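What follows is the residue order along each chain.
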Amino acid sequence: MTDTDPDSFDVIVIGGGPAGENAADYAGKGGLTTALVETELVGGECSYWACMPSKALLRPVEVLALAKALPGIPVADDDRLELEPVLSRRDEFTHNHDDSSQVEWAEDAGITVIRGNARIIGVRSVDVTSSEGTVRALSARHAVVIATGTSAAVPDLPGLRDAKPWTSRDVTNLHQVPDRIVVIGGGVVGCEATTWLRGLGAKVTLLAREDRLLVRTEPFAGDLLAEAFRDNGVDVRLGAAVTEVRRGQVRTTEEGRIRGSEVTVVVDGEEIRADEVLCATGRAPRSEGLGLDVIGLKDGGYVETDDSMTVTGVDGDWLYAVGDVNGRALLTHMGKYQARVCGDVIAARANGRSTEAARFRATSDHGAVPQVTFTDPQVASVGQSEAEARDSGAAIRCVEYDLASVAGAALLRDGYQGRAKLVVDIDGETLLGATFVGPEVGELVHAATIAVVGKVPLDVLWHAVPSYPTASEIWLRLLETWRAK
């Protein structure tokens, strides 16, 4: 093979979502030729079926709730959102599932976009099968990057799969709002979907297997969210055991959407009837059929990596995995972070440079991951919860404060409810974690992320004066609470 061979590249990236795009882009910025192989749409799950459409649906719901909570704004209590403009705005953000602008960006960045299903057939060798069935054999001079993400997992409950449940893709791309819907799953996807489904007028029953919502966050976060849901008419059931799902005859419309008769969900012996059921019970890696077994790895599982994003268990430092498929932190921003590290590592190794510097290691997905759940109220956190910190053996002390008592937060809407908590390492007096619950608290979490990642001592944070009157004044109140103890 020569450098002019159209089937030979320095780097081949399998998967054209945000993580794959960033890995290809950063490797390209390091002077390498890159190919991006995508079987669906360049831009991936986040652009068309997850982050962007879900946030586009959530924002009008949030704004209407804000308007109703402030005096002088002419909104009736029973006003509902107009569905057509809300969906139209969502479709603008997803470009009506047209990825031409993403492809144009890639090509402008020097990335070759190849359509088809990729399969690793050997060391730095990838076959790509097009939709017509033709096979193109590609070779990489330096690296292959797996960035195929995850897909919705549907548990093996009696009747569930036969009932053709909605998954995250269906609910973010809905065209009609069901009168009644059962949401199975009390995690991020289930809670965010509950927010906009209820905001768009659906009667929602939310079933969580655990004893609270958002179980990976501080307990008060799930409690406040459940209370807000119930106040808004959502039937929230915690510790719910779904044993069976039944639906009558199912048909598919010309647009490919599922329509059928009434669905029955059996929960703790009770039958709940609805028009649709949403399965939001987790994700599974998209690694089946990638050819991992050819190189000695398990086909269909998460692809483990070290902090340079190099796949473990494969010799030669040529195979990498970024984003959800490696199972480290299933969040778009963390996948993009990993991809930036990965692209830099590949370029450095290809050019014979050392990769010992900190920039060549992804460390923030070890106990410093930020996340926002865009419900109403929002839940924003970074780092370790109190339970996680105690399980790690750290000597900690926690401080909490009522966000509603902060002037800047109270001004945001009448009846503001929220809470904030810091998890502090006693020995170094630095933050291990922070959690904020309340309307618009997503904008507070980056300051906490900087404090956690930078291990900023609380004595230094004391001199970071928050502006008045903003919700950021919660930092002053939390630090005062710390000092008072």
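Our subject is the structure that appears above.
An account of the accompanying structure is given in this report. (Residues numbered from 1 in each chain as written. Predicted model: local features only at pLDDT ≥ 70, side-chain atom pairs only at ≥ 80, totals over all residues. Heavy atoms only, no water.)

Before going further, it helps to examine a negative patch on the surface. Where like charges cluster on the molecular surface, the negative patch consists of Asp211, Asp223, Glu227 and Asp231. Looking at the secondary structure, you find aspartate 231 in helix H8 (residues 219-231). (Patch = residues over 30% accessible without salt bridge, like charges linked within 9 Å, V, L, I, M, F, W, Y side chains within 5 Å. Areas by Shrake-Rupley, 256 points an atom, 1.4 Å probe, with all protein chains shown as cover. Salt bridge = Lys/Arg side-chain N within 4 Å of Asp/Glu carboxyl O. Lys, Arg positive; Asp, Glu negative; His and termini not counted. Charge placed at Lys NZ, Arg CZ, Asp CG, Glu CD. Helix = DSSP H or I, 4+ residues; strand = E, 2+ residues; numbered from the N terminus.)

Most of strand S9 (residues 203-208) sits inside the fold, with five of its six residues counted as buried. The sheet contact formed by strand S8 (residues 180-184) and S9 spans five bridges and is parallel. In the strand pairing of S9, valine 182 is matched with threonine 205. Handedness of the S8-helix H7 (residues 188-199)-S9 crossover: right-handed. Pairing between S9 and strand S10 (residues 235-238): four bridges, direction parallel. The residue of S10 that forms the bridge with leucine 206 is valine 236. (Buried < 20%, exposed > 50% of the residue type's maximum accessible area, 1.4 Å probe, protein only. Pairing = 2+ DSSP bridges. Right-handed = clockwise from strand over helix to strand, strands pointing away.)

A separate point is the sheet that holds strand S11 (residues 242-247). Ordered in space as S11-S14-S15, the three strands form an open sheet in which the pairing is antiparallel. The open sheet has two edge strands with one neighbour each: S11 and strand S15 (270-274). Ignoring strand direction, the axes of neighbouring strands in this sheet form an average angle of 20 degrees. (Axes fitted to C-alpha atoms, helices over the stretch in contact; angles between N-to-C directions.)

Enumeration over the complete set of coordinates arrives at two aromatic pairs. A ring pair is formed by phenylalanine 436 and tryptophan 475, whose centres lie 5.9 Å apart and whose planes are at 55 degrees; its orientation type is tilted. You can see phenylalanine 436 sitting in strand S23 (residues 430-438) and its partner tryptophan 475 sitting in helix H14 (residues 474-484), a full 39 residues away along the chain. For phenylalanine 436, a relative accessible area of 0% translates into the label buried. One residue, lysine 29, lies across the ring of tyrosine 26, its end atom 4.6 Å from the ring centre. Over the ring of tryptophan 49 we find arginine 169, and its NZ or CZ is 3.6 Å from the ring centre. (Phe/Tyr/Trp six-rings, centres within 6.5 Å; stacked < 30°, edge-to-face > 60°. Lys NZ or Arg CZ within 6 Å of the ring centre and 35° of its normal.)

Moving on, we get to the sheet that holds S9. Within the open sheet, the four strands sit side by side as S10-S9-S8-S16. Their pairing is parallel. Lying at the two open borders of the sheet, with one neighbouring strand each, are S10 and strand S16 (276-279). Across this sheet, the average inter-strand angle for adjacent strands is 15 degrees, counted without regard to direction. Contacts between H7 and the sheet are confined to S8, S9 and S16, with S9 contributing the most and set at about 170 degrees to the helix. (Contact = heavy atoms within 4.5 Å.)

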